[in-house]
Every structure is written in C-alpha cells, then in structure tokens.
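The chain contents come next:
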Amino acid sequence: MSLPADGREHRPRHVENSSYEDFAGARLGALLRYATVLTCDPHQADDIVGEVMVRVSGRWRRISAMEQPEAYVKRMILNEFLSVRRRWGRVVPMSHEQLDIRAAAVDPLTARQERDELIRRVAALPPRQRAVIVLRYFEGHTYDEIAELMGSRASTVRAQASTALAKLRLEAEVR
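Conventions and cut-offs
- Residues numbered from 1 in each chain as written.
- Predicted model: local features only at pLDDT ≥ 70, side-chain atom pairs only at ≥ 80, totals over all residues.
- Heavy atoms only, no water.
- Helix = DSSP H or I, 4+ residues; strand = E, 2+ residues; numbered from the N terminus.
- Areas by Shrake-Rupley, 256 points an atom, 1.4 Å probe, with all protein chains shown as cover.
- Expected span 1.5 Å × (residues − 1).
- Buried < 20%, exposed > 50% of the residue type's maximum accessible area, 1.4 Å probe, protein only.
- Core = buried A, V, L, I, M, F, W, Y, C linked by side-chain atoms within 4.5 Å.
- Contact = heavy atoms within 4.5 Å.
- Salt bridge = Lys/Arg side-chain N within 4 Å of Asp/Glu carboxyl O.
- Axes fitted to C-alpha atoms, helices over the stretch in contact; angles between N-to-C directions.
- Parallel < 35°, antiparallel > 145°, perpendicular 65-115°, else oblique.
- Left-handed = near helix turned anticlockwise from the far one by under 90°.
- Nonpolar A, V, L, I, M, F, W, Y, C, P; charged D, E, K, R; others polar.

## Notes on the overall build of the protein
Thinking step 1. Within the protein, the secondary structure is distributed over eight helices and zero strands.
Thinking step 2. Ordered by position in the sequence, the α and β elements of the protein form the string α-α-α-α-α-α-α-α.
Thinking step 3. Taken as a whole, the protein presents about 10,500 Å² of accessible surface, with 53% of it coming from carbon and sulfur.

The structure is reproduced here in structure tokens:
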C-alpha cells in the first residue's frame, strides 16, 4: 500500500462489506496503540479495547454501515477510558519499556530519559486534558473534531489543551 503525500496510511472510510473479524484483524493493533497512549498502561488499554470490541461485535452491522466505523470505535474507546478513570481513579504511569516504543536502532540515553519524563508528565494530567492532548497530537484531530468526539465546545477543548500544555511546560522548566 502506498502512502499519500501527507504520510498517513490510507484507510477506506466505508467498510460496510467487511466483516467484524476483518475489521478487528486489520485494526486491533492500531486501536491498542491508541488506547495505550490514552491510558499509559498497556494492561488497562487491553482491558478497555477488549471491553469495547465485545460491544462492537454485537453492533457491527450498524457500525460498519457508518461512514467512519474506526472513528466511531475510537470514540467508544475514548468514552470507556474517561468512564474507567472516573471509576478506578489514578493509574500509575508506565515506563518507556512498558510502552514498547520502537525508535531507531540506537536510542541515546538522554532521548529515552526525556521521553520517559514526558510520558510521566502526560500521565499525570487529568483524564480530559490527557484525552485532548492525545487526540490533538497523537491522532492529529482538529479542535472542532475533538469537541465533537468529547461532547463539548471547541473553545473548551482549546482551553483544556492550553492548560495541559502549560502544565507540561511548567513541569519541564521545574525539572
């Protein structure tokens, strides 16, 4: 598969003819990575994606008929993450090794330490601020798209992003 000029993988927007098994087989890895970035915990990410995929399997006919079924499933994962955070409380941030980030063949120690520190700081953000940061900078959504996904106004999303970025900058300066 060739990548478009923007470097993003091209995915069909409408997958009505694909089965649930085809969708899960093709997109499960990406959904797990997305959930891992949201939760900073691969075990919790696995639980959330598993829970969501069970619900998706029962509703696949309706979901597959949507224009963007993967976006719908990601929203289900986001909603489950936010509701789990309310139920379970704080999650211990994960280390670089747990994230299983694969960089170049040789990853300098300082880059790893900086990445670990950033992961810890992002994990310390409140759930909605973390979700905004992940959706904006990991998923590449606009503020309007994030607002729609989170059921809020774009101005609220911009304020949450601004507050989260300010916290991340302040923590970076303090250290």
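## Points about helix 5 (residues 109-123)
Residues spaced three or four apart along an α-helix face the same direction, because each turn holds 3.6 residues.
Thinking step 1. Here helix 5 is 15 residues long and its end C-alpha atoms lie 21 Å apart, about the 21 Å a rise of 1.5 Å per residue gives.
Thinking step 2. Among all positions in helix 5, only D116, E117, I119, R121, V122 and A123 are buried.

## Here's the deal with the nonpolar core
Thinking step 1. The biggest cluster of nonpolar side chains holds 32 residues, and the ones touching the most others in it are L38, M53, V56, V73, I77, L78 and M150.
Thinking step 2. Among the secondary structure elements, those contributing two or more residues to this core are helix 1 (20-39), helix 2 (42-64), helix 3 (69-88), helix 6 (127-138), helix 7 (143-150) and helix 8 (154-174).
Thinking step 3. With eight residues, the single largest contributor to this core is helix 2.
Thinking step 4. What V56 contacts, discounting residues up to four positions off in sequence, is Y20, I63, V73 and M76.
Thinking step 5. Core analysis: the second largest hydrophobic core is formed by five residues, L125, I133, A164 and L168 among them.

## Some words on the side chain of Q129
Thinking step 1. Its location among the elements puts Q129 in helix 6.
Thinking step 2. By relative accessible area, which is 11% here, Q129 ends up buried.
Thinking step 3. Sequence-distant contacts of Q129, defined by excluding residues within four places in its chain, comprise Q160, T163, A164 and K167.

## Quick look at the pattern of salt bridges
Thinking step 1. For the coordinates displayed, the defined rule picks out six salt bridges.
Thinking step 2. Between E70 and R27 there is a salt bridge, with the nearest N and O atoms lying 3.0 Å from each other. Of the two residues, E70 is situated in helix 3 and R27 in helix 1; the sequence distance between them amounts to 43 residues.
Thinking step 3. Here E70 falls in the buried class, since its relative accessible area comes to 11%.
Thinking step 4. When the shortest N-O distance is used, the salt bridge between E139 and K74 registers 2.6 Å.

## A word on the packing of helix 1 against helix 6
Helices that pack against each other are described as a pair by the angle of their axes relative to one another and the distance between those axes.
Thinking step 1. Packing of helix 1 against helix 6 leaves a shortest axis separation of 9 Å and a crossing angle of 135°. One way to sum up the angle between helix 1 and helix 6 is to call them oblique. The two elements helix 1 and helix 6 cross, and the hand of that crossing is right-handed. Contacts from R33, Y34, V37, L38 and T39 of helix 1 reach helix 6 at R130, A131, V134, L135 and F138.
Thinking step 2. Class assignment for the residues of the contact of helix 1 with helix 6 results in seven nonpolar, one polar and two charged.

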